[in-house]
Structure formats: structure tokens, C-alpha cells
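Residue strings, one per chain:
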Amino acid sequence: MSLSFEGRVVLVTGAGGGKNRLNDLGADTKGGGKSSAAADKVVEEIRAKGGKAVANYDSVEDGEKLIQTALDAFGRIGVILRDRSFARTSDLDWDLIQRVHLRGSFLVTRAAWNHMKNQKFGRIIMTASAAGIYGNFGQANYSAAKLGLLGLANTLAIEGRKYNIHCNTIAPVAGSRLTETVMPPDLVASLKPEYVAPLVLWLCHEQCQENGGLFERTQGYIVRQRNQSMKPESIRDHWEKICDFTDATKPANIQVPLHGVLTLSVFSYFSSQTKAVGQKLPPTTFSFNHTQCILYALGVGMSTKDPDHLRFLYEGHPDFSCLPTFGVISSQAAMMGGGLSSVPGLNIDFTQVLHGEQYLELYKPLPTSGKLTSEATIADVLDKGSGAVILLDVNTYSGNELVCYNQFSVFVVGAGGFGGKRSSEKAKPPLPPPKRSPDAVVIDSTTRDQAALYRLSGDWNPLHIDPSFAAMGGFKAPILHGLCSFGFAARHVLKQFADNDPSRFKAIKVRFVKPVMPGQSLQTEMWKEGNRVHIQCKVKETDAVVLAGAYVDLHGASGASPENLSQGGGLQSELVFAEIGRRIKDVGSELVKKVNAVFGWEITKDGKKAAQWTIDLKSGSGSLHKGPYSGKADVTMTVSDEDFMEVVQGKLNPQKAFFSGKLKVRGNIMLSQKLEVILKDYAKL
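In this report, we go over the structure that sits alongside the text. Everything numeric in this text was worked out from a predicted model, so none of it was measured. For every chain, the first residue of the written sequence is number 1, and numbering continues from 1 along that sequence. Owing to the predicted nature of the model, reporting of local features is limited to residues with pLDDT of at least 70; listing and counting of side-chain atom pairs is limited to 80 or more, with chain, interface and lining totals taken over all residues. Side-chain metrics in this entry use all non-hydrogen atoms of the structure; hydrogen atoms and water are not considered.

Description of the overall build of the chain
At step 1: The helix and strand inventory of the chain stands at 21 helices and 23 strands.
At step 2: Counting all 685 residues of the chain, 50% fall into the buried class.
At step 3: Only the protein chains shown count as cover for residues, with accessible areas throughout obtained via the Shrake-Rupley method and a probe of 1.4 Å. When the accessible surface of the chain is totalled, it reaches about 31800 Å², and 50% of it is carbon and sulfur. Labels follow the DSSP assignment, with helices taken as runs of H or I lasting at least four residues and strands as runs of E lasting at least two, numbered in each case from the N terminus. Here the term buried applies to any residue with accessible area under 20% of the maximum for its type, exposed to any over 50%, and partly exposed to those in between, with areas from a 1.4 Å probe on protein chains only.

Printed below as a string of C-alpha cells:
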């Protein structure tokens, strides 16, 4: 049976955003200015649908004027943010918020009270806030005013009961002119006021006997079905279940209501989840060049302070490479582009989505530029009780060649309990580390601007940059991206166990546990077992684990490593190095005194690395090594076999070879001046 509001008059303050008397001063979000546009817009919408409405632009402090406008039009009456940290709150900041939110509500209600008493009917709905119930950083003035409204409402419920005047309070998190300044557009859209309106309509109806209640967003009963609007009749019909606190949660802070499910849930989560499994998302493309590769490397903490990092930061480096974990960047558009919202069976409230786990596998080293195409599929949907897990598989291609595979594990808070399975053979599971001391530990500091830098790689969530938005999430400051910590940990393993060789990287799996604040230090503990390196990442200052069940799989030292190179093979340079080796045996001690350095040589043939030599004139009486070298060269030179012979024979000036790109040098370039001692005096052919 439909609810009727025939003949009822409603006064709504702050409505710019039956018969309706709409008041909106039209001030800006800080309480300044004045405009009629907001109230006029809503009046037009109501009239267009056959309703009756008039607008008023007085302040809520002019309560008598508001009520008189309604009485003149209909003959009866029925039913700002100014954020500062407490230390910076001025008298004006405090007084303005109290006047608008608390005193304004008092004046408007007082003006209507006697009219309601005389007609023996009235319904009053106060709009409080989770900020008033739990407190919120930077909103001392607003929180105090909103909790004051709850106290006012509770008293009015007591005093008005015998006159059939009921007063209830709602504390929604809704998209409005106030919240659109601190929320991204997609979040505002998912918190539309019409998702709260059916509850308000029911509380205003004469059949509703609820009095002195407080209603907020939290886990509750789902009343709306997929592709159907929510109506006040649905609220009425399920009122007993909605108000059932048998399995109620007890929020501890403002973050819980924000990330909880509205008691009168907008979404019937996964009621047809089987339709979602196997569904493909629209393909996404990602075009990039060396700039994006370098920006990502800086975002995950690489620095020119470490010479080993230069190959990931300088496009002119002879071994310039893309960090393996850049593979998540090329694929994340499938997650962030809104593709999930188009999948049948997934009615997702994106304010409830958390990144739970991540798996990345590379099938070849990532290119440093190009165009990649990602194809995403819903691999599975799992019921975890308190929430649902979506497994999103993303394959990324360069042309027709598969480059990498990602599995995003997404947790949707409050979306569980639909009777689905709890586990899946398709999930890449996290693994615990061995029960022994780690084989290696690396401590790396993040900077205060780490999140600000990392977000430039494409994750624009304001949670990582906007203090106001972070405060709404229950954080004292913006937090670091989980995938930034992911990148830190991966490069720690790459350096510790793979000599920063990206071709050795195969896969990584992590589970995100707790957030990191920019400026904190990350401590990566590593256990090597064969080609798998188990890792656990902590915040050094707090000892809190932030990445758990994690591991990195490496390719063996063969494959693309120097051991697999063709050593020699008729190279002319073989003769020179043979002569150098003979001379070192004869006068090695003298050379060590003169040179005191380790030189690495990479000889190429037809553009490919063909031989590797290391001249150690730093320890003992000197030595020459062919192939892999266990130590570290002070300077390494890469040159073709032909150009090497030209330099040795004096036909090619080394400086000209360097500036023309024929001779590439990394490490301490000044040491190359000492090569003359080796090549000119002792490598006589």
C-alpha cells in the first residue's frame, strides 16, 4: 500500500541542493555570500513533477520569516562547513557554525512548535553528522554543533510526544554542495541525497511512530533491489528488520560510517554475482615513454644518490630499463576507469572498495616506451562475510604479445553474506615467510612528498594528498599508496638478490595490511628460498606490518644473465685482454699501486653483448676475470669489439668515442683516465 502525503506541508532548510517550503540562503560552503539559485533549482524540479513549492532566501536565524512564508502559501506547517584545526579556530569560525547549524535549527523549530501543537501533529527531522557523533579532525566547531542538534532533538521528542509531535535525527554522509568540496565527483555521486530521502519520508509520515531515534550509515538491512529505486514503502515494510540490533556493529570512529553500508542500503550487493564471473571489462590502452618510467621510479623511492639506480632514472644510460613493478601502472586503468560499474551483477558502492591484495607477473622485461593494451576479466567473486572479494584478472599486451598479468584483489566492505563461496582456485594466495631470521633486511626512508610524487603515475585518489579527505577517512594526514610500498619492497629484492637486473624479475605477490604515512621508513625483511624471496614489510618507527604474505619470484641466474653470453667467439678484443692478463701477472703489484680501481668491460658484437671482462687492479697483485664477476666494478665501459680495437690502436680518440655514443661509461667516469696506463703501456700488440 502506497504512503500518501496529501495535504502535508514540509519545511526544508538548506534544501538547495506533498507541498514544500524550501529555504536555502545560498551561501558558499564557508557561510559567506548569498544566492537564490540553489533553492530555485529545487523548487523548479518539484513543480515540474506536479508538486507545489515556494522558495525563501532568509537565513535560518530568521525562523519566524521562514514559517510565515509556509503559512502564507499553504496555511499550515508539518514537518555549512568552516573547517579549521582546533588551535586555528577563531571566534568567527566557532560562532558562525553554531549560529547556522544549532541556533538556526532552534529558531526554525521554535517558530513552528506552537503551530504543530495546535494542530496535534508534527514531524521534525534534525540533520546531524557522524562528525558530531564520533568527532572529526579539523571540525571541532561543526562536530559540537551537530551533536548539539542530537541533544535538542532528543528533548523535543520527549516534550512533543503528547502532542503527536515526533522528532528524529539522521546523520547521513551525503553528496551536497558542502561535501563536494572535499570529495571526488564519483564519491559525491554515490552518496546522492535521494538515497537517504526515502528514510526521511517515512519518518515524516503520520503512520510512523518512531520518536527520538538516531539513524546513520552503517551495516544494516538491504531494502533496494538491483535496477530498482528505493521507496519509503520499502522502509515501512522492513522497519522491524532495519531497527534490529541483534548483529549490530559498533562504530569506533567516523571512518566506519563512511566506509560502512547505509542501513537502508542503496545497493543489493552481488545478489546476482554469478552473472559477473567471467564478464570482460572494456579494454584500456596506456601510452608512455621514458618520462613515465622515470617518474614511477622516483615515486617508489629511487634516487640519484645511489649509482645503481641510474639505470632506471637516466634515459641515456646504456642499460636504461623500466622497473618491473611499473607493470601495475599500465594495468590499473582497468580498476580506476570505472569499468567495474559496467559489469552485470556488480552493483558496487565505490566508497566501500579497498585494495586487498596484488599479484604481478612479467613474461618479458617491460619496454621503456610504447602503447600497451589491457584486457580485464572478473575471475571470481567471493563471500567473506563482512565483505565481498572481487578477483580482477588483467592481461596486458604490446601488440599481440602478452607482456604482463595482474590480479587485483578488491575487497568491498559490507557486501558479503550473499551465500557465495569463500575461496577460489583462481586466486593467487599469499604465503607466510619461513620461521627463521631473515636473510637480509633493507631500511629505506620515504619522503614527506612520497605520496604526492607517486600519484603522478596515475592514482589520483585524494586520500593520498588532501588532508580534509584523509580526515574523513579517519586518518590524521594523507596516507601513502599501498602500491607505492609494493614498489619499494620489490626494488629492495631486485637489488639484494638480482643485482638490479630487471630481466631476473618474474612475479610478486603482496597482501596490504596497514597504511604507511609519508615520511616513515619502510623495513623490508627478506628470506631467500631457491628462486623465491619471501618478504615482509614493516614501518620501522612503529613495527607495524604493512605488507604480509608477500614474495618475489626471480628467474635463475641463467637466461639473460652474463653466464649465458657468448664469451669470445673470434672477437679481436680477445687478443688485447689476453695481453693485459699476461702483463698483470708480470707487474700486477705495480699496476695496483698506480691505478687502484676495478674496471669492467662489456664488449658487443652486432649490437648484442658478446663478452664481459673485469680488470681488478685494486686488490692483491691484480687479476683479470672473464665472464661474471662477484665483486663490483668502479667503472664499466660498453663498446663494440670493432671500436674497442680502434681505441686501443689509437685510431679513435676515447673522448670522441664517448661523446659520439660509441663508448658508454657508467660509474666513476674519472677513473677512465687511468686506462692509458693499462692499454698504452702494457697492451702492446
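Here the narrative resumes, following the displayed structure.
Notes on the sheet that holds strand S22 (residues 635-640)
At step 1: Here a strand pair is declared whenever DSSP counts at least two bridges between the two strands. Spatial strand order, S21-S20-S19-S22-S23: 5 strands in an open sheet with mixed pairing. Each of the sheet's edge strands pairs with one partner strand only, and the pair in question is strand S21 (623-626) and strand S23 (664-667). Here the strands of the sheet are splayed against their neighbours by 20° on average, with no regard to which way each runs.
At step 2: Where strand S19 (residues 597-605) lies against strand S20 (residues 608-617), 9 bridges are found, and the strand directions are antiparallel. Among the inter-strand pairings, Trp601 is bridged to a residue of S20, identified as Trp613.
At step 3: Sheet strands in contact with helix H18 (residues 573-595) are S19, S20 and S21, and its direction is about 25° off that of S20.
At step 4: Every residue pair with non-hydrogen atoms within 4.5 Å of one another is taken to be in contact. In this analysis an axis means a line fitted to C-alpha atoms, helices contributing only their contacting stretch, and an angle means the value between N-to-C directions, from 0 to 180 degrees. Lying over the sheet, helix H19 (residues 641-648) contacts S19 and S22, oriented at roughly 110° with respect to S22.

Overview of unusual backbone geometry
At step 1: Unlike most non-glycine residues, Lys120 shows phi in positive territory, near 55°.
At step 2: Along the chain, the position of Lys120 falls in the loop between helix H3 (91-119) and strand S4 (122-127).

Comments concerning the nonpolar core
At step 1: Here, nonpolar core means buried Ala, Val, Leu, Ile, Met, Phe, Trp, Tyr and Cys residues that are tied together by side-chain atoms lying within 4.5 Å of each other. Grouped together as the largest cluster of nonpolar side chains are 52 residues, with contacts concentrated most on Leu323, Phe326, Phe486, Ile508 and Ile535.
At step 2: For this core, the element with the highest residue contribution is helix H17 (residues 482-498), accounting for 10 residues.
At step 3: Apart from residues lying up to four places away in sequence, Leu323 is in contact with Tyr296, Ala297, Val300, Met302, Phe312, Leu366, Arg491 and Leu494.
At step 4: One finds Ile580, Leu591, Trp601 and Ala610 within the second-largest nonpolar core, a separate group that totals 27 residues.

What about helix H5 (residues 140-160)?
At step 1: By this rule the span expected of a helix is its residue count minus one, scaled by 1.5 Å. End to end, H5 covers 30 Å across 21 residues, agreeing with the expected 30 Å (1.5 Å per residue, within 8%).
At step 2: For H5, the elements touching its buried residues are H3, S4, helix H4 (130-134), strand S5 (165-171) and strand S6 (214-216).

Things to note about the state of the cysteines
At step 1: When two cysteine sulfur atoms are found within 2.5 Å, that pair is recorded as a disulfide. Scanning all chains against the criterion turns up 0 disulfides.
At step 2: Summary of cysteine pairing: Cys204 is not part of a disulfide, and the nearest cysteine sulfur, belonging to Cys208, is at 8.8 Å.
At step 3: Judged by relative accessible area, Cys204 falls into the buried class, the value being 10%.

Here's the deal with the environment of Lys371
At step 1: Inspection of the secondary structure assignment puts Lys371 in strand S11 (residues 370-383).
At step 2: Under the relative-accessibility criterion, Lys371 is labelled exposed at 53%.
At step 3: Along the backbone, Lys371 and Ser287 are 84 residues apart, and their C-alpha atoms lie at a distance of 4.3 Å.
At step 4: Residues contacting Lys371, with those up to four places away along its chain left out, are Thr285, Phe286, Ser287, Tyr397 and Ser398.

As for the environment of Tyr551
At step 1: Take Tyr551: it is sitting in strand S18 (residues 544-554).
At step 2: Look at Tyr551 and you get buried, because its relative accessible area is 5%.
At step 3: A sequence separation of 19 residues divides Tyr551 from Arg532, and the C-alpha atoms of the two residues are 6.8 Å apart.
At step 4: Discounting residues that sit within four places of it in the chain, Tyr551 has contacts with Tyr359, Pro429, Leu431, Ala507, Ile508, Lys509, Arg532, Val533, His534 and Ile535.

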